Amino acid sequence: MYALADCNNFYASCERVFEPKLEGRPVVVLSNNDGCVVARSQEAKDAGIGMGEPAFKCRDRFDRHQVVVRSSNYTLYDDMSRRVVRSILEFVPDVEIYSIDEVFLDLRPLAHLDVESLCRTIRDRVRQWTGIPISIGIAPTKTLAKLANHIAKKDPTARGVFQLPKTDPDRALALDSVDVGDVWGVGSRWGARLRGLGIRSALDLARMPTDDLRKKFNVIAQRTALELRGLVCQELEDVAPPRKTLVRSRSFGDMVTDFEQMSEAIANHAVRAAEKLRHEGGTAGQVSVFLSTNRFRDDLPQYHGGGTAAFLPATASTPIILREAMRLTRFAWRQGFHYKKAGVMLGDLSFGEVQGGLFDTRDHPRDDRLMAALDQVNRKMGAGTLRPAATGMVEKGWRMRREHCSPKYTTCWRELPRVQT
DNA sequence: TCTGGGGTCCTAGGACCC
DNA sequence: TCTGGGGTCCTAGGACCC
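One structure accompanies this document, and this report is about it. (Residues numbered from 1 in each chain as written. Chains lettered and ligands numbered in written order. Predicted model: local features only at pLDDT ≥ 70, side-chain atom pairs only at ≥ 80, totals over all residues. Heavy atoms only, no water.)

## A word on the overall build of chain A
Secondary structure summary: chain A contains 14 helices and 13 strands in total. For chain A, the spread of C-alpha atoms along the three principal axes comes to 65 × 60 × 50 Å. With 421 residues in all, chain A has 48% of them scored as buried. The long-range fraction of contacts in chain A, counting pairs at least 24 apart against all pairs at least 6 apart in sequence, stands at 68%. Summing over all exposed atoms, chain A offers an accessible surface of approximately 22,500 Å²; the carbon and sulfur share of this is 51%. Charged side chains of chain A number 63 positive and 53 negative; the gap between the two group centres comes to 3 Å. (Helix = DSSP H or I, 4+ residues; strand = E, 2+ residues; numbered from the N terminus. Buried < 20%, exposed > 50% of the residue type's maximum accessible area, 1.4 Å probe, protein only. Contact = heavy atoms within 4.5 Å. Areas by Shrake-Rupley, 256 points an atom, 1.4 Å probe, with all protein chains shown as cover. Lys, Arg positive; Asp, Glu negative; His and termini not counted. Charge placed at Lys NZ, Arg CZ, Asp CG, Glu CD.)

Structural data, given as structure tokens:
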């Protein structure tokens, strides 16, 4: 048995924990740059605000329903996520952290217990200890646990916890109640194609011949159907596999038309990406730079550019990565376009031992000491205290918009919530 | 005016190897 | 008439996830 614990409307719930007056009111959280709606409280969903809708298209509804709007505050959400996971770990030792708001639980070692009442206890404790409401689905495979979670959220009689029935006809009934497009692994494209084949529910998909799925779609679709039948194809990954790429990119608050601004923006991305890579103890074998115009502005000429450079040996040193990123930027830049987005991707990552280069003469221990000192200063004195001049000396228009951001309630002394006595 | 950011995997096709 | 068999690596495109 597996369970999936999923936080309800996670970002909106985080905002509410520290601002209880938002209870009962519609709350939305916007993506970076205050661009799109990425989280909605139930009241906001009821007001007809869609997931992923551009904020500027929702202004009228925001006004009409007096929606509380927040910019995303990932410092807060990351910390709240850690708290939720720590709370769950008090009850279940083997978990897979699947995303910022979802955790798979391995219930196999706890099969002698009443898992449903255990999950109800977990749900209550997480609410009590963190303030975050969660729902839990219980089933024999991860795909079915996802499905059970979906029912736990939708069906009020489940009261937040739903265990998939073990036998038919009850199990078939449960699977038939879930739209095929809501199955984990079926997105909008496959959903439409499946409906075209007469497959409308999770039950239909489970009953579809799996070699057909393999032929018409791919092996992932086949595995999804097998998992819906109760056959485990995806084990719980309690140790996260090492990442393969690390991306740092942003849309610009105002469109960028001059090279210096672009260059400073990309320098910032390169510096932050290198920092993060060192923090994770990795090295990169390559760096890519990309820049692009606004794809929604069909009245403006479009351009997507970029390039990739390799490192031998692999490195996490800011000056080495930055120099290549700047070279690639000069190479990819075309004058005369209105740029909307740019970023840096570190690839070919390795963790642990680094393959040396036969003709390499660089003093790596010295580089490492320099980077350690840099990171230490910035950790102590604040991010960006010491930084390459290429990142720019004054505020520029390329920085992102963030007009409704809540404080870092849990990670910054100056921003702790105050309690009136 | 205004449209996010960060990932993974699979497949097909081409280039190349012996 | 008749044109092998087996393999790897890379890339682009297309899906998917949150």
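## Structural notes on the protein's contact with DNA strand C
Around DNA strand C there are 13 residues in total, and Asp101, Glu102, Lys146, Arg189 and Trp190 lie nearest to it. Backbone sugar and phosphate groups make up 100% of those atoms of DNA strand C lying within 4 Å of the protein. A distance of 2.6 Å separates a phosphate oxygen of DNA strand C from a polar side-chain atom of lysine 146. Tryptophan 190 places a main-chain nitrogen or oxygen 2.8 Å from a phosphate oxygen of DNA strand C. Every element with two or more residues in the surface near DNA strand C is listed here: strand S5 (95–99) and helix H8 (188–196). Considering each element in turn, the surface near DNA strand C owes the most residues, three residues, to H8. (Near = heavy atom within 4 Å. Polar contact = N/O pair within 3.5 Å; in protein donor to acceptor, adjacent residues only side chain to side chain.)

## A closer look at the pattern of salt bridges
Evaluation of the coordinates by the stated rule reveals 24 salt bridges. One salt bridge connects arginine 401 with aspartate 254, and the closest N-O pair in it is separated by 3.8 Å. Of this pair, arginine 401 sits in the segment after helix H14 (364–381) while aspartate 254 sits in strand S9 (residues 246–256), and the two are 147 residues apart along the sequence. Among the residues examined, arginine 401 registers a relative accessible area of 35% and is labelled partly exposed. Aspartate 367 is the partner of arginine 362 in a salt bridge, and the nearest nitrogen-oxygen pair spans 2.5 Å. According to the relative accessible area criterion, arginine 362 is partly exposed, its value standing at 36%. (Salt bridge = Lys/Arg side-chain N within 4 Å of Asp/Glu carboxyl O.)

## Focus: the nonpolar core
Residues Leu147, Leu164, Leu175, Leu194, Leu205, Leu213 and Leu228 are the most contacted members of the largest nonpolar core, which totals 34 residues. Broken down by element, this core gets its largest block of residues, six residues, from helix H6 (residues 142–154). Leaving out residues up to four positions away in the same chain, leucine 205 has contacts with Val180, Val183, Val186, Leu194, Ile199, Leu213, Thr224, Ala225 and Leu228. Counting 33 residues, the second-largest nonpolar core is a separate cluster that includes Leu246, Met262, Ala309 and Phe337. (Core = buried A, V, L, I, M, F, W, Y, C linked by side-chain atoms within 4.5 Å.)

## A look at the sheet that holds strand S3 (residues 37–40)
Strand order in the open sheet made by the three strands is S3-S2-S4, with mixed pairing throughout. The sheet is open, and its two edges are formed by S3 and strand S4 (68–71), each paired on a single side. Adjacent strand axes in the sheet meet at a mean angle of 25 degrees when their direction is disregarded. With four bridges connecting them, strand S2 (residues 27–30) and S4 associate as parallel partners. Opposite valine 28, over in S4, you have valine 69 as the bridge partner. Together, S2, S3 and S4 form the strand contacts of helix H1 (residues 10–17), whose direction differs from that of S2 by roughly 115 degrees. (Pairing = 2+ DSSP bridges. Axes fitted to C-alpha atoms, helices over the stretch in contact; angles between N-to-C directions.)

## Overview of the protein's contact with DNA strand B
If you check the shell around DNA strand B, you find 25 residues, and the closest are Arg243, Val247, Ser249, Ser251 and Lys340. Close to the protein, within 4 Å, the atoms of DNA strand B are drawn from sugar and phosphate at a rate of 75%. Of all the secondary-structure elements, those providing two or more residues to the surface near DNA strand B are helix H11 (219–228), S9 and strand S12 (339–347). Broken down by element, the surface near DNA strand B gets its largest block of residues, six residues, from S9. Split into classes, the residues belonging to the surface near DNA strand B amount to eight nonpolar, seven polar and ten charged. (Nonpolar A, V, L, I, M, F, W, Y, C, P; charged D, E, K, R; others polar.)

## Considerations on the side chain of glutamate 96
With respect to the helices, strands and loops of the structure, glutamate 96 is situated in strand S5. Setting aside residues no more than four positions away along its own chain, glutamate 96 makes contact with Glu102, Val103, Phe104, Lys142, Glu235, Leu236 and Glu237.

## Remarks on H11
H11 sits mainly inside the fold: seven of its ten residues count as buried. Those residues of H11 lying buried are Ala221, Gln222, Thr224, Ala225, Leu226, Glu227 and Leu228. By the N-cap criterion, in which a side-chain oxygen at the helix start approaches the backbone nitrogen of a residue two or three places on, H11 is capped by asparagine 218, the distance to isoleucine 220 being 2.9 Å. Just downstream of H11, glycine 230 is the residue with a positive phi angle, here 100 degrees.

## A short note on the packing of helix H12 (residues 259–279) against helix H13 (residues 318–332)
As a packed pair, H12 and H13 sit with axes 9 Å apart at the nearest point and diverge in direction by 145 degrees. H13 is crossed by H12, and the crossing has right-handed handedness. Between H12 and H13, the contacting residues are Phe259, Met262, Ser263, Ile266, Ala267, Ala270, Val271, Ala274 and Arg278 on the first element and Thr318, Ile321, Leu322, Ala325, Met326, Thr329 and Arg330 on the second. Looking at the contact of H12 with H13 residue by residue, the class counts come to eleven nonpolar, three polar and two charged. (Left-handed = near helix turned anticlockwise from the far one by under 90°.)

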